[in-house]
Amino acid sequence: MKTSEIMARLEVKYPGEKEYLQAVREVLESIEEVYNQHPEFEKAKIVERIVEPDRIFTFRVTWVDDKGEVQTNLGYRVQFNSAIGPYKGGLRFHKAVTPSMLKFLGFEQTFKNALTTLPMGGGKGGSDFDPVGKSDAEIMRFCQAFMYELWRCIGPDQDIPAGDVGVGGREIGYLYGMYKKLAREYNTGVLTGKGMTWGGSILRPEATGFGALYFTQHVLNTAGKDIKGKTVAISGFGNVAWGACTKATELGAKVIAISGPDGVCHIPGGINKEMIDYMLVMRASNRNKVQDMADKFPGQASFVAGKKAWSVKCDIALPCAFQNELNGDDAKELIANGTWCCCEVSNMGCTPEAIHTFQSAGILFAPGKAVNAGGVATSGLEMTQNAAHLGWSGAEVDAKLHYIMSSIHEACVKFGTQSDGHIDYVKGANIAGFMKVAQAMLEQGII
Ligand code: GLU
């Protein structure tokens, strides 16, 4: 297979699907060499099949806002690949959601889930519903209307959604309530990220951020470094950024910046427990303004409008917000300021130019599908607990999360170590995930 030929075909077939084409190109470029060493992949046309979702459901979601006005949004569920398990992946509620965005996320999820060591296929869904400025009652009514359509597409052995940008514990609660009413079954395994008293797993809310820091520690240790005492800049202040701030601080690093769509919040003394707790209040307020942190803690934090976290001098950059949030210029600015490590926690958080800039400058770089896999992995652990009708202790879940993150790191090292000894984590993660899914597809025949 030739990446350029496949990409040329996909560009004609899906013009304008920028994020999807970007995600596919990155994976194909990484796997091309290995793929061509396996004639059986070519014979079964694995690559042509793996880049297409199995199916996409699109539906209208109509609901009534607090003013009594009727609102209509679009809802989607992309069931991407079920070679190694039922479709698994989050729901994103964001005004910019398009089929291209969800196809890229479903594609990424397929390989990410394969890395987790657990049997989960890839899926993603969501809506162009914008949670910013919505009341709690509006969020509830939207979630109910969304589930009214989605519920026939999902099931504990079929497709298991969870949270993503704009969907956290509160939304999963409203979604589950409606699912249960429609299905008339207490199928806790149909969604993950549930509340602790009704089937949720301890540590699932923290898992993406915690897992990301465990992975970062492996990257640093392998390079002979330690996270203790290092300065960290984090973008976002949602669930993932919150978990990352918590664990980074616990491990002795100093989180000196968080950011939002409105700008960056400098925290020269490092974020503390009170501020980390306040991130949850900021998220629940649906205001989407990081300035709120500086207003609440005036002596400790200061706000700069219109700037990104990447303008702050730091050792380690952790993008935790949205795709393509760190571009080539940001990468150059970070490097000029002395940053020597970037672990992507958001899905496809760095543009191809940023990744290239980091890699050619010898900066330690690891991609989202490896770094952030602890979230979906802990969703997998939640599914196991649900299927067994029991709950594990925090220590048990944390030990399993540690084991999974270290297995993912090992897989990246195995498939990403280059002839000069340097580890290409992008290649490593892509090849490791791809080999597992491709092998399963091969064994299951032409379907
Ligand atoms: N949205 C998360 C991700 O991008 C979690 C998905 C899940 O738990 O199913 O992996």
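For the structure, see preceding data.
Counting from 1, residues in each chain are numbered in the order their sequence is written. Per-residue local features are limited, in this predicted model, to residues with pLDDT of at least 70; the limit for side-chain atom pairs, both in listing and counting, is 80 or more; totals at the level of whole chains, interfaces and linings are taken over all residues. Hydrogens and waters are ignored; side-chain quantities use all the structure's heavy atoms.

Chemist: Run through the overall build of the chain, naming residues and quoting values.
Modeler: Across its full length, the chain holds 17 helices and 12 strands. The C-alpha radius of gyration of the chain comes to 21 Å, within 12% of the 22 Å expected for a compact globule of 447 residues. Projected onto its principal axes, the C-alpha coordinates of the chain cover approximately 65 × 60 × 45 Å. Burial status follows relative accessibility: with a 1.4 Å probe on protein chains alone, a residue under 20% of its type maximum counts as buried, one over 50% as exposed, and anything between as partly exposed. Scored against the burial criterion, the 447 residues of the chain give a buried share of 57%. Here a strand is any run of E in DSSP of at least two residues, a helix any run of H or I of at least four, and the numbering for each starts at the N terminus. The globule rule used here is 2.2 Å times the number of residues to the 0.38 power, and the radius of gyration it is set against is calculated over C-alpha atoms.

Chemist: How would you sum up helix H9 (residues 239-250)? Please name residues and give values.
Modeler: For H9, built from 12 residues, the straight-helix expectation of 16 Å at 1.5 Å per residue is met to within 8% by its first-to-last C-alpha distance of 17 Å. The complete set of buried residues in H9 reads Ala241, Trp242, Gly243, Ala244, Cys245, Lys247 and Ala248. Between two residues, a contact is recorded if the distance between any of their heavy atoms is within 4.5 Å. On its buried side, H9 packs onto helix H8 (204-222), strand E6 (231-234), strand E7 (254-260) and helix H10 (273-284). Looking one or two residues past H9, Gly252 carries a phi angle of roughly 95°, positive in sign. By definition here, a helix of n residues has an expected span of 1.5 Å times n minus one.

Chemist: For the state of the cysteines, give the residues involved together with the corresponding values.
Modeler: The disulfide criterion is simple: two cysteine sulfur atoms within 2.5 Å. On inspection of all chains with the given rule, the structure shows zero disulfides. Just so you know, Cys143 is unpaired, no disulfide at all, and the nearest cysteine sulfur is the one on Cys153, 16 Å from it. Relative accessible area serves as the criterion here: at 1%, Cys143 is assigned to the buried category.

Chemist: Explain the pairing of strand E2 (residues 70-81) to me, and be specific about the residues and the numbers.
Modeler: Of the strand pairs in this sheet, strand E1 (residues 55-64) and E2 are connected by 10 bridges, and their pairing is antiparallel. The partner of Val61 across the bridge, within E2, is Asn73. Two strands qualify as a pair provided DSSP detects at least 2 bridges between them. Turn length for the E1-E2 hairpin, with the two strands adjacent in sequence and antiparallel, is five residues, and the turn residue Gly68 shows positive phi of about 85°.

Chemist: Kindly report on empty space enclosed by the protein, identifying the contributing residues and their values.
Modeler: Both cavities and pockets are sets of points on a 1 Å grid over the protein atoms alone; in a cavity a 1.4 Å probe fits but cannot get out, in a pocket the set is open with protein on both sides within 12 Å along at least five of seven lines, and lining residues sit with an atom within 4 Å of a point. Grid points are joined across faces, edges and corners, and a volume is the space filled by probe spheres set on the points. Inspection of the entire model under this criterion finds one cavity of 30 Å³ or more. By volume, the largest cavity amounts to about 30 Å³. Lining the largest cavity, in full, are Glu26, Glu108, Glu344, Met348, Pro367, Gly368 and Lys369. Residues are grouped as follows: Ala, Val, Leu, Ile, Met, Phe, Trp, Tyr, Cys and Pro are nonpolar; Asp, Glu, Lys and Arg are charged; all remaining types, including Gly, are polar. Broken down by class, the residue content of the lining of the largest cavity amounts to two nonpolar, one polar and four charged.

Chemist: Requested: an account of the site of the ligand, with residues and values cited.
Modeler: Note on definitions. A residue lies near a molecule or strand when any single heavy atom of the residue is within 4 Å of it. In the vicinity of the ligand lie 13 residues, with Lys88, Lys112, Gly163, Asp164 and Ser379 positioned nearest. Counting of polar contacts relies on pairs of N or O atoms within 3.5 Å, with two restrictions inside protein: one atom must be capable of donating a hydrogen and the other of accepting it, and residues adjacent in sequence are counted only when both atoms are side-chain atoms. Between a nitrogen atom of the ligand and a main-chain N or O atom of Gly163, the distance comes to 2.8 Å. Side-chain polar atom of Asp164 to a nitrogen atom of the ligand: 2.8 Å apart, as the coordinates give it. For the area figures, the Shrake-Rupley method with a 1.4 Å probe applies, and any residue is considered shielded solely by the protein chains shown. When isolated, the ligand has an accessible area of 290 Å², and the protein chains bury 95% of it. The set of elements that each furnish at least two residues to the shell around the ligand consists of strand E3 (87-93), helix H5 (99-115) and helix H15 (373-388). A per-element tally of the shell around the ligand places E3 first, with three residues.

Chemist: Kindly report on the sheet that holds strand E5 (residues 159-162), identifying the contributing residues and their values.
Modeler: Judged by pairing direction, the sheet is mixed, and its five strands sit side by side in the order E1-E2-E4-E3-E5 without closing on themselves. Sheet topology places E1 and E5 at the edges, where each strand pairs with a single neighbour. Mean inter-strand twist for the sheet, computed between neighbouring axes without regard to direction, equals 20°. Where E2 and strand E4 (residues 121-127) come together, six bridges link them in antiparallel fashion. Bridged to Val78 within E4 is Lys124. With respect to the sheet, helix H6 (residues 136-150) is in contact with E1, E2, E3, E4 and E5, its orientation differing from that of E1 by roughly 140°. Each axis is a line fitted through C-alpha atoms, and for a helix only the stretch in contact is used; angles between axes span 0 to 180 degrees, taken between their N-to-C directions.

Chemist: So what's going on with the sheet that holds strand E8 (residues 263-266)? Residues and values would help.
Modeler: Pairing between the strands of a sheet comes from backbone hydrogen bonds, and it takes one of two forms, parallel or antiparallel. The mixed open sheet is built from seven strands, whose spatial order is E9-E8-E7-E6-E10-E11-E12. Strand pairing shows two members of the sheet lacking a second neighbour, strand E9 (302-305) and strand E12 (364-366), which therefore form its edges. Strand-to-strand twist in this sheet, taken as the mean axis angle between neighbours without regard to direction, amounts to 15°. Direction of pairing for strand E11 (residues 341-343) relative to E12: parallel, over a ladder of three bridges. Counted as the bridge partner of Cys341 is Leu364 from E12.

Chemist: Break down the pattern of salt bridges for me, citing the residues and quoting the values.
Modeler: The working definition used for a salt bridge is a side-chain nitrogen of Lys or Arg within 4 Å of a carboxyl oxygen of Asp or Glu. With the rule as written, the count across this model stands at 21 salt bridges. Taking the shortest distance from any N to any O, the salt bridge between Glu29 and Arg25 comes out at 3.9 Å. Of the two residues, Glu29 and Arg25 are both situated in helix H2 (residues 18-35); the distance of four residues between them amounts to about one turn of the helix. Judged by relative accessible area, Glu29 falls into the partly exposed class, the value being 48%. Since its relative accessible area comes to 32%, Arg25 is described here as partly exposed. The partner of Asp136 in a salt bridge is Arg170, with the nearest N and O atoms 3.3 Å apart. Taken as a pair, Asp136 in helix H6 and Arg170 in helix H7 (residues 169-183) lie far apart in primary sequence, 34 residues in all. Exposure remark for Asp136: the relative accessible area of 38% places this residue in the partly exposed category. With relative accessibility at 21%, the residue Arg170 sits in the partly exposed group. What emerges from the salt-bridge pattern is a single network uniting Asp136, Arg170, Glu171 and Arg283.

Chemist: Requested: an account of the environment of Ile46, with residues and values cited.
Modeler: Along the chain, Ile46 falls in helix H4 (residues 46-50). Separated by 396 residues in the primary sequence, Ile46 and Leu442 have C-alpha atoms spaced 7.7 Å apart. Not counting residues within four places of it along the chain, the set of residues in contact with Ile46 comprises Tyr35, Phe41, Phe434, Ala438, Met441 and Leu442.

Shape is all these values report; function is a separate question.
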